Structure formats: C-alpha cells, structure tokens
Amino acid sequence: LGLEIVSINSEENTALLSDGTLVGFDRLVIATGVRPRFLPGLSGAGVTYLRTVEDALNLREVIKPQSRIAIIGGGVIGLEVASAVVAAQGKPVVIEAGIRLMARSLCERTANFLDSWHRQQGADIRYGVTVARYEAGTLTLSNSEQIEVDHVLVCVGVEPNQEPFVDCEITVPQGVLVDEFGRTTNPRIYATGDIAVHQHDGSFYRVETWEHAQLHAEMVGQNILGVQNGYNHPVWFWSDQGSLNLQVVGSVVSGREVCRAGNRQSSFSIFRISEDGQVLGCTSINSPKDMAMARRWIKQGVRIDHRALANVSVDLRNCIV
C-alpha cells in the first residue's frame, strides 16, 4: 500500500516501485483505471471534479436553494448532477461543447427527449460553446458570454492512468490495448477495468461501466488460471436523472430503429434491429421490462418481428419470430 509503479520491464518481467523495490512477476494485471480530464484554468476553490466519495460530499455542500451551478459537460454525470441541483431548488447551467446531450451514448431522438425534459425541470442548457475563463464566480464562455455562478462542476471525460506502461508497446492513446481474453500484446500482461481498451472495426474504445469492470475482471482472473474464455457481454449501463431511469444496452446506432411507446408518460424504448431481425441494442426511458427483455434477446440471439415490436398492444413475448 502507498506505493506506485514507476515502470515495468516487459522483457525481464519486473516492475519498479516508487520506493525503489523491484518486483518480479509471472503475470501482471493492469487495473489502474482512469482519472478526470482536467481543463486548463479550471481548478481550485469553487471548482469540482467528481470522482471520489469525498468529491461527492463536497459538491453536496454547495448545492443549495437558488445556488447557480455551472456543469461543464452534458454526459451522464453532468445530467445526474443537474437533476440533483433541480431537486435542491438550485439552478443548473449545463454547458456542452457538442450539439446534443450524451452524444457518445445515445441516438438523436433520445438526446432530444432528455434536452426537453431537463429544460422543463429547470435546467439551462447551452450547446456548441466551451469555457474560456473562470474568475471569481464569473464564467466566460467561448462566445464571450459571461455567466455568474456559485460553483463549477467539470465532467468532460477521463484520462487513462497508463504512464508507467507507455514504453512497453502495449498502449494506445486511450489506454492499454487488450484482446478478447484481456491480454495485451505481451501474453504475460493483462489489463482490465476502465484502463482496458478494446478494438472493433478498426476503432478503439473503453467501456466505463461498473458491470464491465466486474465481468471483465472475472474473465481475466479465469483466463490467468487457464480457462480461456473470450469476453462477449454487450455494453449495458443505466442512469437515474430525477424521475427518469435511462438504460442502454448494445448498439444505439446500428440497424433499423424501432420505437415502442411506454405505458405511461415519459416512458418509451428504442430498439435497434438488424436486417435479419436480431436485436442489436436498446435504449429505454422508464421501461425496465423492455430493457430486461432486450438484454435477454441480445444474449440469446433471437429474431424479432419489428412490426409487432412497434405495436405496444402486442406482448413482448409475442414479438419473437
């Protein structure tokens, strides 16, 4: 405890620790995770980067009635905190550099719904601007607009904790690259959790969800013991934003889009279906039964009648071809 890895020698299978100790290994598992991405000029008093329990407790102290909280980043964390600010009768201002909310994770239809819903709750959302400067409670945006705020939360993504490993030819800019078994290009070295980078169709990506961290780590442990199971779980995550429960599984952009209305206001699901009827993914708002079925369908590889699926009067169990 209390030590860091300074570097590793992948040829001699040793790790140099910060106290000068050299540790040999038969297998090395890299599970160093990620850290918040910092923005230049945004630090110190009045600014929070949310990663730890202590960060959350400190943020809670400044969210009060009528407090104006600037939230830099319109992702999951930003929207969850915006809901908490509204619930505390504060005034959240969400500043998103992109053109829509949660652009990496949601289709345009769902992002537009979230925009309308959060605005109705009392959130102020600005698109296409970044922060140029923050001084003494005044936030200056890239369009020269100035906003008076009581506190700033920065949630613009994360950076991998990969510095000790960059000279070992096992990293890419996003983190430590692994194959389907969690191995790097060095068969003695594995990576798991948020630091692990996966490859699909020529692109690199991290999966930053608690379920992936758990399941992928279990698989790595089993493979080190000789089981050799590949990882094949679709990405799944959820987000509670006020009275909304958002869940996403699998792809949100591939295949045919099929929208299924919910049984109450502010509830629906958007399924993604392949040409042969297989479910590729699903996004649900306040529709946990739809999500449970979608996850089962993806796992089982069943085929669905998209016309029946779009008809809310048809039971989900009767949508299978």
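Attention here is on the structure that accompanies the text. On a predicted model such as this, the values are computed, not experimentally measured, just so you know.

So, how was this worked out
- Residues numbered from 1 in each chain as written.
- Predicted model: local features only at pLDDT ≥ 70, side-chain atom pairs only at ≥ 80, totals over all residues.
- Heavy atoms only, no water.
- Core = buried A, V, L, I, M, F, W, Y, C linked by side-chain atoms within 4.5 Å.
- Buried < 20%, exposed > 50% of the residue type's maximum accessible area, 1.4 Å probe, protein only.
- Helix = DSSP H or I, 4+ residues; strand = E, 2+ residues; numbered from the N terminus.
- Contact = heavy atoms within 4.5 Å.
- Pairing = 2+ DSSP bridges.
- Axes fitted to C-alpha atoms, helices over the stretch in contact; angles between N-to-C directions.
- Disulfide = S-S within 2.5 Å.
- Polar contact = N/O pair within 3.5 Å; in protein donor to acceptor, adjacent residues only side chain to side chain.
- Expected span 1.5 Å × (residues − 1).
- Arc of directions from axis to C-beta.
- Phe/Tyr/Trp six-rings, centres within 6.5 Å; stacked < 30°, edge-to-face > 60°.
- Lys NZ or Arg CZ within 6 Å of the ring centre and 35° of its normal.

1. Some details on the nonpolar core
Then comes step 1: If you look at the biggest cluster of nonpolar residues, it comprises 28 residues, and the most contacted ones within it are I71, V81, M102, F113, L114, L246 and I285.
Then comes step 2: Listing elements by their share of this core, those giving two or more residues are β7 (68-72), α2 (76-87), α3 (108-121), β21 (244-250) and β23 (268-273).
Then comes step 3: With four residues, the top contributor of residues to this core is α2.
Then comes step 4: With near-sequence residues (within four places) excluded, L246 lies in contact with M102, L106, T110, L114, F237, W238, S239, Q241, T283, S284 and I285.
Then comes step 5: W236, F271, I273 and C319 belong to the second largest nonpolar core, which has 18 residues in total.

2. What about the sheet that holds strand β11 (residues 138-141)?
In sheet architecture, strand pairing relies on hydrogen bonds along the backbone and comes in two forms, parallel and antiparallel.
Then comes step 1: Spatial strand order, β10-β11-β12: three strands in an open sheet with antiparallel pairing. In the strand order of this sheet, the two ends are held by β10 (131-135) and β12 (146-148), each with one partner. The mean inter-strand angle of the sheet, taken between neighbouring strand axes irrespective of direction, is 20°.
Then comes step 2: Inspection of the sheet shows β11 paired to β12 by three bridges, in the antiparallel sense. Of the residues in β12, the one forming a bridge with L139 is I147.

3. Some words on the state of the cysteines
Then comes step 1: For the structure shown, the criterion picks out zero disulfides.
Then comes step 2: Left without a disulfide partner, C107 is nearest to the cysteine sulfur of C259, which lies 8.6 Å away.

4. Regarding the sheet that holds strand β2 (residues 14-17)
Then comes step 1: Here three strands make up an open sheet; going across it, the order is β1-β2-β3 and the pairing antiparallel. The open sheet has two free edges, formed respectively by β1 (5-9) and β3 (22-24), since each of these has just one partner strand. Within the sheet, the average angular offset between the axes of one strand and its neighbour, ignoring direction, is 25°.
Then comes step 2: Inspection of the sheet shows β1 paired to β2 by four bridges, in the antiparallel sense. Looking across to β2, one finds that I5 is bridged to L17.

5. Examining the side chain of T184
Then comes step 1: Position of T184 among the secondary structure elements: in the loop between β16 (175-177) and β17 (189-191).
Then comes step 2: Of note is the side chain of T184, whose polar atom sits 3.0 Å from the backbone oxygen of N186.
Then comes step 3: Filtering out sequence-adjacent residues up to four positions away, T184 remains in contact with I170, V176, L177, V178, I189 and Y190.

6. A short note on helix α5 (residues 288-300)
Then comes step 1: Across its 13 residues, α5 extends 18 Å between first and last C-alpha, which sits within 8% of the 18 Å expected from 1.5 Å per residue.
Then comes step 2: Within the sequence span of α5, burial applies to D290, M291, M293, A294, W297 and I298. Down the axis of α5, the buried set is contained in an arc of 165°. They therefore lie on one face. Among the exposed residues of α5, those oriented more than 90 degrees off its buried face are K289, K299 and Q300.
Then comes step 3: Where α5 is buried, its residues contact β20 (236-241), β21, β22 (256-261), β23, β24 (279-285) and α6 (306-310).
Then comes step 4: G301 sits one or two residues past α5 and shows a positive phi near 70°.

7. Focus on the packing of aromatic side chains
Then comes step 1: Inspection of every chain in the model, using the stated rule, returns five aromatic pairs.
Then comes step 2: Ring geometry for F113 versus F268: centroids 5.1 Å apart, planes at 85°, classification edge-to-face. With F113 in helix α3 and F268 in strand β23, this pair connects stretches of sequence that are 155 residues apart. Both residues of the pair, F113 and F268, belong to the buried class.
Then comes step 3: Aromatic side chains F271 and W297 sit 6.1 Å apart centroid to centroid with 45° between the ring planes, which places their arrangement in the tilted category. Here F271, found in strand β23, pairs with W297, found in helix α5; they are 26 residues apart in sequence, far enough to count as distant. In this pair, the class of F271 matches that of W297, namely buried.
Then comes step 4: The rings of W210, W236 and W238 are connected pair by pair, giving a single aromatic cluster.
Then comes step 5: Here the basic side chain of R295 rests over the ring of W236, its NZ or CZ set 3.8 Å away from the ring centre.

8. Quick word on the pairing of β2
Then comes step 1: Here β1 folds back onto β2 in antiparallel fashion, the turn holding four residues, of which N13 has a positive phi close to 55°.
Then comes step 2: In this structure, β2 lies alongside β3, joined through three bridges in antiparallel fashion. Bridge pairing in β3 links T14 to G24.
Then comes step 3: Between β2 and β3, which pair antiparallel in sequence order, lie four residues; one of them, G20, sits at a positive phi of approximately 90°.

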